[in-house]
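Residues per chain, in single letters:
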Amino acid sequence: MSLYALIGHDRADSLDARLEVRDEHLSRVRELLTEGRLILAGPFPAVDADEPSKAGFTGSLIVAEFNTLEEAAAWFARDPYVTTGVFSSHEVRPFIQVLP
């Protein structure tokens, strides 16, 4: 398996849409964790704060193991943030973890 960075870029005013499907999104990410394939995951806050409140988010990052780039892209394409339009765009890139 190899590591891939899955990067989503939020559309403008995505917070309400994000909250509507958040549980479904997190459920899928937790499956990666349970399978031992998740390295890290989280959102990019729109402001420099632990709780961005109404400012919302500008995107998300997941770094996880997949067999191929195509498998990672297919998995991400089924994510609720992608399928419901929370993300205006998304990308999948090979990733090499140097540290830790």
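Attention here is on the structure that accompanies the text. Model, not experiment: these values are computed from the prediction.

A word on the packing of aromatic side chains
- One pass over the structure, following the stated rule, counts 3 aromatic pairs.
- Taken together, a centroid distance of 5.9 Å and an interplanar angle of 50° make the contact between Phe66 and Trp75 tilted.
- With a centroid separation of 6.0 Å and an interplanar angle of 55°, the aromatic rings of Phe76 and Phe87 are classed as tilted. Here Phe76, found in helix 2 (residues 69-77), pairs with Phe87, found in strand 4 (residues 87-95); they are 11 residues apart in sequence, far enough to count as distant.
- Owing to a relative accessible area of 1%, Phe76 belongs among the buried residues under this scheme.
- The rings of Phe76, Tyr81 and Phe87 are connected pair by pair, giving a single aromatic cluster.
- The residue whose ring lies beneath Arg28 is Trp75, and the NZ or CZ to ring-centre distance is 4.1 Å.
- Note that Arg37 overlies the ring of Phe66, its terminal NZ or CZ placed 4.8 Å from the centroid.

A look at a nonpolar patch on the surface
- Taken together, Ile96, Val98 and Leu99 make up a surface patch of nonpolar side chains, about 400 Å² in accessible area.
- Inspection of the secondary structure assignment puts Ile96 in the segment after strand 4.

Regarding the side chain of Ser60
- Position of Ser60 relative to the elements: it lies in strand 3 (residues 57-66).
- Residue Ser60 is classed as buried on the basis of its relative accessible area, which comes to 7%.
- Within polar-contact distance, the side chain of Ser60 engages the side chain of Arg18 at 3.0 Å.

Quick notes on the pattern of salt bridges
- Evaluated as defined, the whole model comprises 5 salt bridges.
- Arg37 is the partner of Glu71 in a salt bridge, and the nearest nitrogen-oxygen pair spans 3.7 Å. With Glu71 in helix 2 and Arg37 in the loop between helix 1 (15-34) and strand 2 (38-45), this residue pair connects regions lying 34 residues apart in the sequence.
- When its relative accessible area of 14% is taken as the criterion, Arg37 is described as buried.
- It is possible to trace a salt-bridge network through shared partners that takes in Glu35, Arg37 and Glu71.

As for the layout of surface pockets
- Considered as a void within the structure, the largest pocket measures approximately 310 Å³ in volume.
- Around the largest pocket sit 17 residues that line it, and Arg22, His25, Leu26, Gly42 and Pro43 are the ones nearest its centre.
- At the level of elements, helix 1, strand 2 and strand 3 are the ones that each hand at least two residues to the lining of the largest pocket.
- Broken down by element, the residue count for the lining of the largest pocket peaks at 8 residues, all from helix 1.
- Class assignment for the residues of the lining of the largest pocket results in 11 nonpolar, 3 polar and 3 charged.

The rules behind these values
- Starting from 1, residues in each chain are numbered consecutively following that chain's sequence as written.
- Given that the model is predicted, a residue must reach a pLDDT of at least 70 before its local features are reported, and side-chain atom pairs must reach 80 or more before they are shown or counted; all residues, however, enter totals for whole chains, interfaces and linings.
- In computing side-chain values, all of the structure's heavy atoms are included and hydrogens and water are not.
- Here a pair means two rings of Phe, Tyr or Trp (six-membered ring of Trp) with centres within 6.5 Å. Their orientation is stacked below 30 degrees between planes, edge-to-face above 60, and tilted elsewhere.
- Strands are runs of DSSP state E lasting at least 2 residues, helices are runs of H or I lasting at least 4, and numbering of each runs from the N terminus.
- Partly exposed residues are those whose accessible area sits between 20% and 50% of the maximum for their type, while under 20% is buried and over 50% is exposed, using a 1.4 Å probe and protein chains only.
- Here, a charge over a ring means that NZ of Lys or CZ of Arg falls within 6 Å of the ring centre while also lying within 35 degrees of the ring normal.
- Residues with no salt bridge and a relative accessible area higher than 30% make up the patches, which join like charges within 9 Å and nonpolar side chains (Val, Leu, Ile, Met, Phe, Trp, Tyr) within 5 Å.
- The method behind every accessible area is Shrake-Rupley, applied with a 1.4 Å probe, and residues are considered shielded solely by the protein chains displayed.
- Salt bridges are identified by distance alone: a Lys or Arg side-chain nitrogen within 4 Å of an Asp or Glu carboxyl oxygen.
- What qualifies as a polar contact is a pair of N or O atoms within 3.5 Å, subject to a donor-acceptor requirement within protein and to the restriction that residues adjacent in sequence count only when both atoms come from side chains.
- For cavity detection a 1 Å grid was placed over the protein atoms alone, and a set of points counts as a cavity when a 1.4 Å probe fits there but cannot get out; an open set counts as a pocket when protein lies on both sides within 12 Å along at least five of seven lines, with lining residues being those that have an atom within 4 Å of a point.
- Grid points are joined across faces, edges and corners, and a volume is the space filled by probe spheres set on the points.
- Residue polarity is assigned by list, with Asp, Glu, Lys and Arg as charged and Ala, Val, Leu, Ile, Met, Phe, Trp, Tyr, Cys and Pro as nonpolar; anything else, Gly included, falls into the polar class.

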